[in-house]
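# Descriptive analysis of the structure
Residues per chain are reported as follows:
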Amino acid sequence: MKDIHFEGVGKAFRTRSGSDFVALSDVSLTVAEREFVAVVGPSGSGKTTLMRMAAGLDHPTSGQVTVGGKRVTAPGPDRAVVFQQFALFPWKTVRENIAFGLRCQGAPRAKQDEVVARYLRLMNMEGTEDRYPHQLSGGMQQRVAIARSYAIEPDVLLMDEPFGALDAQTRTVMQEELVRLTRREPRTTLFITHAVEEAVYLADRVVVLARDPGRLREIVDVRATREAEGWDGMAIDAVMDLPSFTHLRTHVWRLLRDQIRPDD
Amino acid sequence: MSAPDMPAQGRAAGLAPAAPRAIRRLPALGIGRRGVVGALSIVGLLALWWVLTTGTGFVAPYRFPSPAEFRGALDQFVTDGYAGGTLWVQAWHSTRLVLMGFVVAALTGVPLGLLMGVSPRAEALLNPAFLLVRPIPPLAWIPLAIVWLGLGDAAKVLVIWFAAFVPSVINTWTGVRGVDRTLIAAAQVHGAGRWRMLTEVIIPGALPMIFTGLRLSLQASWTTLVAAELVGAFFGLGRVLDAAYRDINPAMIAVAMVVVGILGAATTKLLGEAERRLIPWRS
């Protein structure tokens, strides 16, 4: 397992009108091995840029990102990404989508079948292996995308608002399933979201960003409270009623609220 | 695939929930309302033809043949032949050339489009040359092809190739550039190498556009072949048209036109069937 290290990371570019725009400024952050860190921030705070830099899909203009001590320069299978729009291959069945990364690694067929079967079971999706993505609901598509990323056993999981395109009920189910999966197979995870409750429910630590320019505002520890209160054994709605949860949620919410403008 | 291309049975048996409600079906026959309306329109056209040429004599026979004359010309073409061969000989001659030219164009055009789509260097190198040659109408190549290769088959294949090549290249190229960037990123972050990226992401993603290009190429193939045979040929449906024009035989002209139309539609249909089989993930 590897950690993620952002060292004084910044991203600036010149706009068409010729002025410099700073998307991210001097972000230093470490996601420890097997730690689940959620990043929240208003739109324009650069949270997705942060994730894309760790993935190697975007590059900082100052500072550097290292994963497991190695500087990130390009995308690689040690850092699997779950995208907001699922990004499943429409021409591949559920089985082929989940096995894609394993085939890239040259895993034998038996191993592929075993892994696919395991994740279909974990995701409650048995019997769907021969369907195409367009035959699945949004929630099921995102389950497949998560399974595809878990299947290659990446050192680092990067999730870019993975539940953002789902309806409220499906999202709740998926949050519970992700908690189940991630506590069972903890991986170094960077989880981008704009939903405060989701961040507090899922993460060990919540990173709050500010914008103009995008920068670190505060890091809120959740793990100690969660473990003391035993959230993981409870249903999501029960957790959300706990004073310990609402306290943390309100704290994060206040950090965000004073930077939200009416036009958001 | 657009609704009219889809066979009526397929639509009735298909699972596609997106089929428009407005198209009600006659379940017993398996024919959609659209099919009934289509049949009516054809019957109406045939009736109008008979009325204008035979019933009222409004259109003189030397301008356009009556159904009876059409039938006579068809019989003559099938049994005795015309302009050097029977219907089957002439139709096969043309079809064979179209298929040869089309296949050569597809086998060169699609790979070139893929190359230009994935490699900025190839695009920078080839695009200027392409832009220069592209505005020349395909038919304008016919004289040069005849000078080079004479009136035989080779010249026809060459001209078809020139005509059919361009739509294959352009649409493949457009298709590659239109592949969802997120899917390419998803393939990268799951460890896909260049070859797998090409064969499992870029080509399938571009396939609908590739088929659009192939369809246009096939149509261009027929257009060009008939034109090339009109200009000069020993056999083929264009040669039949040319001979019938010299003989002032409107009935035979009409027969040859209808045969070209049917062959064009049939080959397009075959291509559509190939598309349907190769793109099963499309709802």
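Residues numbered from 1 in each chain as written. Chains lettered and ligands numbered in written order. Predicted model: local features only at pLDDT ≥ 70, side-chain atom pairs only at ≥ 80, totals over all residues. Heavy atoms only, no water.

What chain A contains, in helices and strands, is nine helices and 10 strands. For the C-alpha atoms alone, the extent of chain A along its principal axes is close to 50 × 45 × 35 Å. Across the 264 residues of chain A, 53% fall into the buried class. Across chain A, contacts joining residues at least 24 apart in sequence account for 69% of those joining residues at least 6 apart. (Helix = DSSP H or I, 4+ residues; strand = E, 2+ residues; numbered from the N terminus. Buried < 20%, exposed > 50% of the residue type's maximum accessible area, 1.4 Å probe, protein only. Contact = heavy atoms within 4.5 Å.)

With that settled, the discussion passes to empty space enclosed by the protein. All names here are of chain A. Applying the stated criterion to the full structure yields four cavities of 30 Å³ or more. The space that makes up the largest cavity amounts to roughly 50 Å³. Ranked by residue count, the leading element in the lining of the largest cavity is helix α5 (residues 168-184), at four residues. When the residues that make up the lining of the largest cavity are grouped by side-chain class, the tally is three nonpolar, no polar and three charged. (1 Å grid on protein atoms, 1.4 Å probe; cavity = no way out; pocket = protein on both sides within 12 Å on 5 of 7 lines; lining within 4 Å. Points joined across faces, edges and corners; volume = space filled by probe spheres on them. Nonpolar A, V, L, I, M, F, W, Y, C, P; charged D, E, K, R; others polar.)

Below, the discussion takes up the sheet that holds strand β10 (residues 215-221) of chain A. Residue and element names in this part refer to chain A. The strand order β6-β7-β8-β3-β9-β10 describes an open sheet built from six strands, whose pairing is mixed. With one partner strand each, in any of the chains shown, β6 (79-82) and β10 form the two edges of the open sheet. Averaged over all neighbouring strand pairs, the angle between strand axes comes to 20 degrees, with direction disregarded. Strand direction decides the pairing type here: strand β7 (residues 156-160) and strand β8 (residues 188-192), joined by five bridges, are parallel. Within β8, the position partnered with Met159 by the bridge is Phe191. Running over the sheet, helix α1 (residues 47-55) touches β3 (36-40), β6, β7, β8 and β9 (205-210) and is turned about 150 degrees from β7. Lying on the sheet, helix α9 (residues 243-257) is in contact with β3, β9 and β10; it crosses β10 at an angle near 175 degrees. (Pairing = 2+ DSSP bridges. Axes fitted to C-alpha atoms, helices over the stretch in contact; angles between N-to-C directions.)

Let us now look at the pairing of β6 of chain A. All names here are of chain A. Of the two faces of β6, the one carrying Arg79 and Val81 and the one carrying Ala80 and Val82 are both buried. Where β6 and β7 come together, four bridges link them in parallel fashion. Considered in β7, the bridge of Val82 is made with Met159.

This part is about the nonpolar core. Residue and element names in this part refer to chain A. Of all hydrophobic cores here, the largest spans 84 residues; its most connected members are Ile4, Phe6, Leu158 and Leu190. Those residues in contact with Leu190, other than ones at most four positions away along the chain, are Ile4, Phe6, Val31, Val37, Val39, Met51, Leu157, Leu158 and Met159. Leu102, Val116, Leu122 and Leu255 belong to the second-largest nonpolar core, a separate cluster that totals 56 residues. (Core = buried A, V, L, I, M, F, W, Y, C linked by side-chain atoms within 4.5 Å.)

This next bit is on the sheet that holds strand β4 (residues 62-67) of chain A. Read from one edge to the other, the open sheet built from four strands follows the order β2-β1-β4-β5 (chain A), with strand pairing classed as antiparallel. Each edge of the sheet is formed by a strand with only one pairing partner; in this case those strands are β2 (20-31) and β5 (70-71) of chain A.

For interface size, the figure often reported is the accessible area lost on association. Contact residues are listed per partner, giving 19 residues for chain B and 23 residues for chain A. Carbon and sulfur atoms make up 71% of the area that chain B and chain A hide from each other, which totals about 1,900 Å². We note a salt bridge from Glu200 of chain B to Arg103 of chain A, for which the minimum N-O separation is 2.7 Å. For the side of chain B that touches chain A, the leading source of residues is helix α8 (residues 181-189) of chain B, giving seven residues. Of the residues belonging to the side of chain B that touches chain A, the class tally is 10 nonpolar, six polar and three charged. (Buried area = accessible area lost by both parts, 1.4 Å probe. Salt bridge = Lys/Arg side-chain N within 4 Å of Asp/Glu carboxyl O.)

Side chains carrying opposite charge are able to pair once their charged atoms draw close together. All told, the structure shown has 25 salt bridges over all chains when counted by the stated rule. Close ionic contact of Arg277 of chain B with Glu273 of chain B constitutes a salt bridge, the shortest N to O distance being 3.3 Å. Here Glu273 of chain B and Arg277 of chain B lie together in helix α11 (residues 250-278), a separation of four residues that amounts to about one turn. Using a relative accessible area of 27% as the deciding quantity, one classes Glu273 of chain B as partly exposed. One network of salt bridges, with partners in common, ties together Lys2, Asp78, Arg79 and Asp155 of chain A.

The geometry of helix α4 (residues 87-118) of chain B relative to helix α7 (residues 153-177) of chain B is characterised by a closest axis approach of 6 Å and an angle of 35 degrees between their N-to-C directions. The two elements α4 of chain B and α7 of chain B cross, and the hand of that crossing is right-handed. (Left-handed = near helix turned anticlockwise from the far one by under 90°.)

Turning next to α8 of chain B. Burial in α8 of chain B covers these residues: Leu183, Ile184, Ala185, Ala186, Ala187 and Val189 of chain B. Where the residues of α8 of chain B are buried, they touch β6, α2 (94-104) and α4 (138-151) of chain A together with α9 (194-231) of chain B. Its side-chain oxygen at 2.9 Å from the backbone nitrogen of Thr182 of chain B, Asp180 of chain B defines the N-terminal cap of α8 of chain B. Once α8 of chain B ends, the next one or two residues include Gly191 of chain B, with phi positive near 95 degrees. (Polar contact = N/O pair within 3.5 Å; in protein donor to acceptor, adjacent residues only side chain to side chain.)

Moving on to the domain arrangement of chain B. Considered domain by domain, chain B is made up of domain 1 (3-14 + 21-59) and domain 2 (87-278). On a C-alpha basis, the centres of domain 1 of chain B and domain 2 of chain B stand 30 Å from each other. (Domains from an automatic or database assignment.)

Once that is clear, we can look at the packing of α4 of chain B against helix α5 (residues 120-133) of chain B. All names here are of chain B. For the pair α4 and α5, interaxial distance at closest approach is 5 Å and the crossing angle is 115 degrees. Of the residues in α5, those touching α4 at Leu112, Leu115, Met116 and Val118 are Pro120, Ala122, Glu123, Leu126 and Asn127. Looking at the contact of α4 with α5, its residues break down into seven nonpolar, one polar and one charged.

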